[in-house]
Amino acid sequence: MASGRVDLDGKPIKPMTICMIGAGGFIGSHLCEKLMSETPHTVLALDVYNDKIKHLLEPNTLPWAGRIQFHRLNIKHDSRLEGLIKIADLTINLAAICTPADYNTRPLDTIYSNFIDALPVVKYCSENNKRLIHFSTCEVYGKTVGSFLPKDSPLRKDPAYYVLKEDESPCIFGSIEKQRWSYACAKQLIERLIYAEGAENGLEFTIVRPFNWIGPRMDFIPGVDGPSEGVPRVLACFSNNLLRGEPLKLVDGGQSQRTFVYIKDAIEAVLLMIENPARANGHIFNVGNPNNEVTVRQLAEMMTQVYTKVSGEAPPEKPTIDVSSKEFYGEGYDDSDKRIPDMTIINRQLGWNPKTSLWDLLESTLTYQHRTYAEAIKKVIAKPVAS
Ligand SMILES: NC(=O)c1ccc[n+]([C@@H]2O[C@H](COP(=O)([O-])OP(=O)(O)OC[C@H]3O[C@@H](n4cnc5c(N)ncnc54)[C@H](O)[C@@H]3O)[C@@H](O)[C@H]2O)c1
Ligand SMILES: O=c1ccn([C@@H]2O[C@H](COP(=O)(O)OP(=O)(O)O[C@H]3OC[C@@H](O)[C@H](O)[C@H]3O)[C@@H](O)[C@H]2O)c(=O)[nH]1
């Protein structure tokens, strides 16, 4: 498995130790899986939770036992952080509050998590000459330039007004009262700080901007493995509605557009970054699938069709309902209109391209959701509400 592996320039890849912060989350769990099954690298997995990587940690007869170590810690206040960064060759920081329902309702926690708490990580990497791969977001682009053109302007169809380029596109956020942008703004500032550490102090860094990565283990299903009143990201919201046979809620008409990429495709891109430092250092990479664009309404329709196929259950009588963003997310919500990643830089540096169509990725993801949650949901629905 591990022997004879070479990088994109044909050089042998040496086993490394990776300090992965936020390893217990959605992306972290898939990255740990990939590193354990296909590489010889060792992972120091840091998080406050480990439910999503339990299958990699136990039993200790697993083929990779000894190459993954879980450290339960909160990077806000744990003196072990610097020591763990020091013993690793590379740090990957995934830790963040990254669900839109939190940005306008918990803006302080959002800003602290995405900026203040990431500061020591950047500092320890810079001071100890350690390489850093930091997870930012496509939300740093905010809204497209085209969204400010008149509705009937033909320029809205011109890619120059909407395709998002790492080294050219501006970052366009709403006003301060629109607290939705607290997350994007905090992520933008930490990107600028990392970039400056690279320029002034020689920090070796790579910044990743994920464009709506989706797949199994994303977020939680409210009332089953997360709070009943919690609002996860759209994949889990719509999965929850489908599992319960209730209409999918379209925020402000479901007109916003997104491109979705399969988590397994995206993880391939991250592995290329990890193993090709000379090609990845100093770069910011969009990681998304420009071919998988839909409006949120179209996503709801496709998920309903796919779920009907994989579950064998009838679609909800009323497939969707409209809900205002104020009702769904509260005061201060705002939205990105359209997100098409430009792929030039990641193509040139790493030769990476996504493979999986939206239909196929929804089919495997919703099969997983159905197998994992359908029985549990039935029990929750059947249980009488405590008085
Ligand atoms: N999934 C996407 O499509 C997407 C898109 C854009 C950006 N991102 C970014 O990628 C990163 C990972 O996202 P994800 O989807 O896996 O989210 P996630 O919420 O599933 O994972 C984040 C993990 O970080 C951990 N964490 C948070 N604060 C911590 C702290 N103080 N100490 C220790 N652990 C902490 C959480 O417990 C969680 O397990 C985030 O930085 C996010 O902003 C993800
Ligand atoms: O039930 C729902 C949930 C969400 N939506 C809409 O679906 C769209 C996508 O919502 P998501 O919850 O996936 O979040 P967004 O794409 O807006 O942001 C995400 O982008 C990239 C990452 O940084 C974060 O994970 C998150 O901020 C939004 O327009 C939202 O309003 C619904 O219409 N109904």
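Residues numbered from 1 in each chain as written. Chains lettered and ligands numbered in written order. Predicted model: local features only at pLDDT ≥ 70, side-chain atom pairs only at ≥ 80, totals over all residues. Heavy atoms only, no water.

An unreviewed UniProt entry lists the protein under the name UDP-glucuronate decarboxylase, from Flemingia macrophylla. For the protein, the Cofactor (unreviewed entry) comment in UniProt is given as "NAD(+)". The heading Subcellular location (unreviewed entry) in the UniProt record of the protein holds the text "Cytoplasm". (UniProt positions renumbered as here; feature names shortened; annotations may be inferred.)

Draft legend 1. Region of the structure containing the sheet that holds strand β1 (residues 17–21). One open sheet accounts for 7 strands, arranged β3-β2-β1-β4-β5-β7-β12; its pairing is parallel. Sheet topology places β3 (68–72) and β12 (283–287) at the edges, where each strand pairs with a single neighbour. On average, each strand axis in the sheet is tilted by 15° relative to the strand beside it, whichever way the strands run. When strand β4 (residues 90–93) meets strand β5 (residues 131–135), the two strands line up parallel, connected through 4 bridges. From the neighbouring strand, Leu90 faces β5, where its bridge partner is Arg131. Helix α6 (residues 119–127) rests against β1, β4 and β5 of the sheet, and its axis sits at about 160° to β5. Helix-sheet contacts for helix α7 (residues 182–201) involve β5, β7 (205–210) and β12, and the interaxial angle to β7 is about 160°. (Pairing = 2+ DSSP bridges. Helix = DSSP H or I, 4+ residues; strand = E, 2+ residues; numbered from the N terminus. Axes fitted to C-alpha atoms, helices over the stretch in contact; angles between N-to-C directions. Contact = heavy atoms within 4.5 Å.)

Draft legend 2. Expanded view of helix α1 (residues 26–38). Taking 1.5 Å per residue as the helical rise, α1 with its 13 residues ought to reach 18 Å, and the 19 Å between its terminal C-alpha atoms agrees with that figure. Judged by how many residues are buried, α1 sits mostly within the fold: 10 of 13 residues are covered. Taken together, the buried positions of α1 are occupied by Phe26, Ile27, Gly28, Ser29, His30, Leu31, Cys32, Lys34, Leu35 and Met36. (Expected span 1.5 Å × (residues − 1). Buried < 20%, exposed > 50% of the residue type's maximum accessible area, 1.4 Å probe, protein only.)

Draft legend 3. Structural view of the pattern of salt bridges. Per the stated rule, a full pass over the model turns up 22 salt bridges. Its salt-bridge partner being Asp109, residue Arg106 comes within 3.1 Å of it at the nearest N-O pair. Accessibility expressed as a relative area gives 35% for Arg106, which makes it partly exposed. Among the salt bridges present, the one from Glu139 reaches Arg339, with a minimum N-O distance of 3.1 Å. Placement of Glu139 in the loop between β5 and β6 (163–164) and of Arg339 in the loop between α12 (325–329) and β15 (340–341) is noted, with a sequence separation of 200 residues between them. Beyond isolated ion pairs, a larger network of salt bridges with shared partners links Glu139, Arg180, Arg258, Asp335 and Arg339. (Salt bridge = Lys/Arg side-chain N within 4 Å of Asp/Glu carboxyl O.)

Draft legend 4. Broad picture of the site of ligand 1. Of all residues adjacent to ligand 1, which total 25 residues, the nearest are Phe26, Asp47, Asn74, Tyr183 and Trp213. Within the backbone of Phe26, a nitrogen or oxygen atom sits 2.8 Å from an oxygen atom of ligand 1. Contacts to ligand 1 include Tyr183, whose side-chain N or O atom sits 2.7 Å from an oxygen atom. Coverage of ligand 1 by the protein amounts to 89% of the 830 Å² it exposes when considered alone. (Near = heavy atom within 4 Å. Polar contact = N/O pair within 3.5 Å; in protein donor to acceptor, adjacent residues only side chain to side chain. Areas by Shrake-Rupley, 256 points an atom, 1.4 Å probe, with all protein chains shown as cover.)

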